[in-house]
Amino acid sequence: MALPVSPTQGSVSPVLEVSDLRTYLYTRWGTTKAVDGVSFSLDPGETLGIVGESGSGKSMLALSLVRLTPEPAGRIEGGQVILNGRDLLSLPEKQMRAVRGTEISMVLQDPQQSLNPVFSIGNQLGEAIRVHDSDAGKDEVYARSVAALKSVQVPAPERRLRNFPHHMSGGMKQRIVGAMAMAYQPQVLIADEPTTALDVTIQAQYLRLLKDLQQRTGVGIIIITHDFGVIAETCDRVAVMYAGRFVEQASVSDIFDHPKHPYTKALLDSRPKTGAKGERLSSIEGQPPSLADLPDGCRFATRCEYAMDRCSLEYPDLVAIGGHSVACWRSEEVLWETS
Amino acid sequence: MSVGNQPTRGSDDVTRSIEVGHDREGRPVKKRRRFRRRVGHIPWISIGIVLVVLILPALLADLITVHDPLRGTLGDRLAPPFWMEDGSWTYPLGTDKQGRDILTRIIYGARISLTVSGLTILIGAVIGTSLGLLAGYFGGWIDRIVSWLIDTFLSLPHVLLALVIVAAIGPSFVTIVAIIAVTIWASFARQVRGETLSVRESEYVARARVAGAPSARILLRHVLPNIANTLIVLATLQVGVVILEESSLSFIGAGIPRPNPSWGVMVADGRDQILISWWISFFPGLAILLVVLSLNLVGDWLRDFLDPKLRQRGRD
Amino acid sequence: MARYILINSIRGLLTLLAVSIIVFSLARLTGDPLDVLAPVDISREDEQAIREKWGLDKPVSTQYVAFVGNAFQGDFGGSFKYPTETAASVIVDRLPASVKLGAVATVLTLLIGVPLGILSAVKRGSLADSIAKGLALFGQSVPEFWLAIVLIWVVAVRWDFVPTSGITGWQSYILPSIVISIFGIAALLRLFRSAMLETLGTEYVKLARLKGVSEFKVVWKHALKPASIAPLTFFGGIAVRMLTGATVVEIVFAWPGVGLLAFEAANARDFPVVQALALFTATAIVVMNLLIDVTYAYLDPRVRLGAKAVA
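Now for a description of the structure that goes with this document. Counting from 1, residues in each chain are numbered in the order their sequence is written. Each chain is given a letter, starting from A, and each ligand a number, starting from 1, according to the order in which they appear as written. Owing to the predicted nature of the model, reporting of local features is limited to residues with pLDDT of at least 70; listing and counting of side-chain atom pairs is limited to 80 or more, with chain, interface and lining totals taken over all residues.

1. Quick word on the overall build of chain A
Helix and strand labels come from DSSP, where a helix needs a run of H or I of at least four residues and a strand needs a run of E of at least two; each type is numbered from the N terminus. Within chain A, the regular secondary structure consists of 12 helices and 12 strands. In this scheme the burial state of a residue depends on its C-beta neighbours within 10 Å: 20 or more other such atoms mean buried, 12 or fewer mean exposed, and anything in between means partly exposed; the C-beta positions come from the backbone. Looking at chain A as a whole, 50% of its 339 residues qualify as buried. Relative to all contacts within chain A whose residues are 6 or more apart in sequence, the contacts with residues 24 or more apart total 67%. Throughout, a residue-residue contact means that the two C-beta atoms, derived from backbone geometry, are no farther apart than 7 Å.

Next comes the structure, spelled out in C-alpha cells:
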C-alpha cells in the first residue's frame, strides 16, 4: 500500500533530474548497454521505486548516479544527472567525492558485506564524517557518530562504536550503513535492493526506518528492487526498467491497478499471490535479451503476448497516457484489457 | 557471541550455480558457449614448450640423439655453440670440459627431471591426499595428529636434511626421490585437508551420511571426485616446484650423482667456466627456466579452467 | 588473546619436539659418528674412551634425552670439524653474515613485492600490470643457482662493479640479495595482486567510495588491510628462510653464513653442528609462525576474539 506521504506535486522543483543517461559496459565479449537512455526526476521527500528483473540494468543505473560504475569496463556515455543545479556527470572527480555522502548517498544491498571486517564501526562511521569535515576534532566526530547511530535507533551506540562488524546481526549492520549514508542529511538517498539480504521481520523494520528518516529530513529516496511488495510499502512512484530502459513510469496505485505496459503487467501477474515477499520474478516466459546484442525494436517483443510486427521493427517512445509514461505501441489496448 | 549468523540465502546459491554454469543435477542451457568462455585462452605456447623441452625429449632421448650423454670426445672439449666462431652443427649448443654434447645431455636431463618429478609427485600425492582426506573428514584426534605432522614437515629445513642424508649414505636417484617426496606430501595434505573440510559440510555428503553410507564409500565416491580438480592443478604446479628443487639439490651435490646429466648438475659443472665457456651452465639453466615457467602458466590456466571458485576472484 | 598465544606456543613446542626426534634419528641412523671422530687404526681402548666422551656408549633413547636436555641449555656439544669450538659457537660466528643478507633480501621483498602487487591490481590490464605479472612469473620459475651464476657472469664480471663472491663491502650484498629475494618478490606480488583484486571488488570498498573517501585511502586503507591477511603466512615463511641462511645462494657467492656452514658441516659429517643448525632453523620457523599468528590477531579482529567467534 502506498503511504500517505504526498509530495506536493508541481509546486516544488525536483531535487534530482536525470535525463537521457547512458552507461555502457565494455567487456571482452562486446559492449553492453546496461543503461540506455533513462530519464526521470525526483522531488524532495518523494520515494521513487525502480523495479526490474536482475540484469535489467537497474543496479548499474544506481551506480551511474553516483559515478561509481565498475572500472574500467563501465563508462557513462552521456546524459545529465542534475543535483542541486549542478550536473554531477561533468564535475571533476574531486568535487564529485565531496558530493558523495553529503548530498547524495547510497546504501548497498548486502549489509553483511558492506562493512569492512577489519575496522571498528567507530572507525568506519567516523570516517564518513571526517572525510567531509577535516576540521572536526575527535570529540566532535565521536558525538556526531553517536548521534548518527541514535538517529537510526541503534541501542547502546557508545558500545557499538567499539564493536566490529562480525559482532552484529544483519539488521544492525544495515542500520549502521544507513547511519553512514545519512550522516550529512543528503537530499537524495539511493537504496539498492535494501531488503533482499534481510529476513522478513527485519525487512519491515528497515523500511519503516527509511520512511521515518524521510519524514524527518525530507530526503528523496530511490529504491532499486525486484520486489513489488517493497514498492507497495514504501514508494510514491514506480519506474519499470527492462533491458536498460524505462518502459513505464506512474504512481504506485496506477501501476498496481492499471499497468499499461505488457511487461509491467506480466511482472505483476508473476508475483506470488499468497503475499510471500522476496520471491524472484521468474515466471515470465523466455529470458531478457542480452544487453550486448539488442534488437532494433521493442526489447520485450520476443516475450510479449501482445507483440505485433511493428514491435520488433521500431522502438516505441515513451508517451504520456493518463498519468503514465509508457513505451508500448499497444498500451491503449493493454490498459483496456486490464481495467 | 552475538547473532552473527544470518540464515543462508538459498535463492542466492541457486542463481549463482546457474550463472557459473555447472548445476549438479541438470546441465545448463547454452553449454557450449559457456564452456568456451570457461576454457579461456588455452596456453598453446606453454604446452608446446613443456612438450618440446620436457616430455618428448624424456620419452625419445635415445632416438633423437647421436652423441653419448655420459662419454665425450676429449678432442672436442669446450666447443662453442654453432653460431659462434669455431662452433659447428655437430654440437649445436657446444660441449663441456669432457667434450660431451650439451644438447644431448639436456635431452637426457629431461628424462631425469620428468622421472623424478613424476615419482615424487605420485608418492607425495598419494600420502598427502590420504592423510588430508582422513584428517579433514574425521576431524578430532586424527586431524590433530595429521596437522601436527604437516606443521612439522613444513618446519624442517629441507636442504639441510638432504645434505645430511646424502652425506651419510651418498647421493642416488632413490635418495633424491625420497627426500623430495617427504617435503611435498605436506603441501598436498594441507590442501586436501582444507578442501575436504568444506566438501564435508556440503549437502550431498550430508545426504550420503544420513543415508548411512559407510565412510570409506563417501570418501571415495563423493569427497575424492570433488577435490580431483584441485589435485590436478596442485600436481601440475608441483611439477615445476620439484624440478626446481631437484636441480637445486643436484647443483649442490645432494641430488642426482655425477656423471648423470641432471640439469642442476650440468649448471654446476660449468660454473667455474662461466666466463669463457658460458654455454655449459647457461643452456641447462635456460631449459629449467623455460619448462618451469611454462608449467606455471599451464597450471594457472588449469586452475582458472577447473576451479571456478578461484576464477571468480577475478584473475585474468 | 593470552589463551590464543598459549595454544599456539604449545603447538610450536610439539612441532619442535617432532623436529628434534627426526633430526636426532637421522643423524644417528645414517652412520656411526665414530667413523668421523676416530682415525681408522684406532685402538679398542681409545675407541671406548671416545665413545664415553661423546656419550655414544649409552642407549639411543638416553642419548636423545641428553641431547634435548642439553639443547635446551644451548649446548649442542663440540664441533667435530672444529675441535676447539662448540657447535653453538660455530653457528653464532656465522649467523650475522646470513642475517644481514637475509634482512636486506627481506626488505627488498617487501619494498618491491607489495607495492607492485598493489599497483598491478589497481591498474589491472595496464602495461604496468603486464610487466608485474611477467616479473612474478619469472621469479617463480627461475632456478636461483642459475640466476646467481648468470648475474655473476653478466654483472660482476662484465661490468666489474660488484664483487663476484665473499663480503668486501656494501656492493657485495647487491647480487645475492637480488637472487634470494626474487622468489619472494614474485610470490608476494602474486598474492597481493589477487588479494587486492578481491578486496577492491567488495561491497565495503564500494561503500568507502560512496562515503566520498579518496581513491588513495580506498586502496591503501580499505582494500589493503583486509588484503594483507592472506599473504602474511607466506611472507613469514619466506622471511624466516631468507634470514636463516639460503644455502644454495651462499654456496654460489661463497657467502660465509650459516647456509654455507650447513653445506660444509654436512659434507664433513659434523653432526653436532648439523643438529644444532636444524633445530635452530626449525625454532626460527616456529617462532615466526607464532609471530604471524599474533599479527593475524592484530590485523583481523575476528581472530583476536578467539577463532571460535568467527561467524
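Resuming the write-up.
2. Concerning the overall build of chain B
Helix and strand content of chain B: 12 helices and 0 strands. When the helices and strands of chain B are listed from N to C terminus, the series reads α-α-α-α-α-α-α-α-α-α-α-α. Looking at chain B residue by residue over its 316 residues, the buried ones come to 45%.

3. Side note on the interface of chain C and chain B
On the side of chain B, 40 residues touch chain C, which itself brings 44 residues to the contact. Elements supplying a minimum of two residues to the side of chain C that touches chain B: helix H1 (2-29), helix H6 (127-141), helix H7 (144-158), helix H8 (174-200), helix H12 (247-252), helix H13 (258-267) and helix H14 (271-299) of chain C. Residues are grouped as follows: nonpolar covers Ala, Val, Leu, Ile, Met, Phe, Trp, Tyr, Cys and Pro; charged covers Asp, Glu, Lys and Arg; every other residue, Gly included, is treated as polar. For the side of chain C that touches chain B, the residue count by class is 30 nonpolar, 10 polar and 4 charged.

4. What about the nonpolar core?
In these notes, a nonpolar core means any group of buried Ala, Val, Leu, Ile, Met, Phe, Trp, Tyr and Cys residues linked to one another through C-beta atoms within 7 Å. If you look at the biggest cluster of nonpolar residues, it comprises 255 residues, and the most contacted ones within it are Ala179(A), Val188(A), Val240(A), Leu160(B), Leu163(B), Ala148(C) and Leu277(C). Top element by residues in this core is H8(C). It accounts for 16 residues. If sequence neighbours within four positions are ignored, Ala148(C) has contacts with Val179(C), Val249(C), Val252(C) and Phe253(C).

5. So, unusual backbone geometry
Residue Pro259(B) is reached from Arg258(B) by a cis peptide bond, and omega for that bond is 0°. In this structure, Pro259(B) sits in the loop between helix H9 (215-251) and helix H10 (263-270). For Asp20(A), which is not glycine, the phi dihedral falls at a positive 50°. With respect to the helices, strands and loops of the structure, Asp20(A) is situated in strand S1 (residues 16-27). Note on Asp20(A): 11 C-beta atoms within 10 Å, which makes it exposed. Notably, Ala156(A) is not glycine yet its phi reads approximately 50°, a positive angle.

6. Concerning H10(B)
With 8 of its 8 residues buried, H10(B) lies for the most part within the structure. Those residues of H10(B) lying buried are Trp263(B), Gly264(B), Val265(B), Met266(B), Val267(B), Ala268(B), Asp269(B) and Gly270(B). If you follow the buried residues of H10(B), they end up packed against helix H4 (102-138), H9 and helix H11 (279-306) of chain B together with H7 of chain C.

7. Examining the sheet that holds strand S2 (residues 30-42) of chain A
Residue and element names in this part refer to chain A. One requirement defines pairing of two strands: DSSP has to find at least two bridges between them. Taken together, 4 strands build an open sheet; the order of strands is S2-S1-S4-S5 and the sheet is antiparallel. Of all strands in the sheet, those with a lone pairing partner are S2 and strand S5 (86-87), marking the two edges. Strand direction decides the pairing type here: S1 and S2, joined by 10 bridges, are antiparallel. Looking at the pairing, Tyr24 lines up with Lys33 of S2. This element, helix H1 (residues 58-65), spans S1, S2 and strand S4 (74-83) of the sheet and lies at about 65° to S2. Lines fitted to C-alpha atoms define the axes, with helix axes restricted to the stretch in contact, and inter-axis angles between N-to-C directions lie between 0 and 180 degrees.

8. Let's talk about the pairing of strand S10 (residues 245-251) of chain A
Residue and element names in this part refer to chain A. Within S10, 6 of the 7 residues are buried, leaving the element largely enclosed by the surrounding structure. Sheet analysis places strand S9 (residues 237-242) next to S10, joined by 6 bridges and oriented antiparallel. In the sheet register, Ala239 faces S10, and the bridge partner there is Gln249. Hairpin connection of S9 to S10: 2 residues between the antiparallel strands, including Ala243 at a positive phi of 50°.

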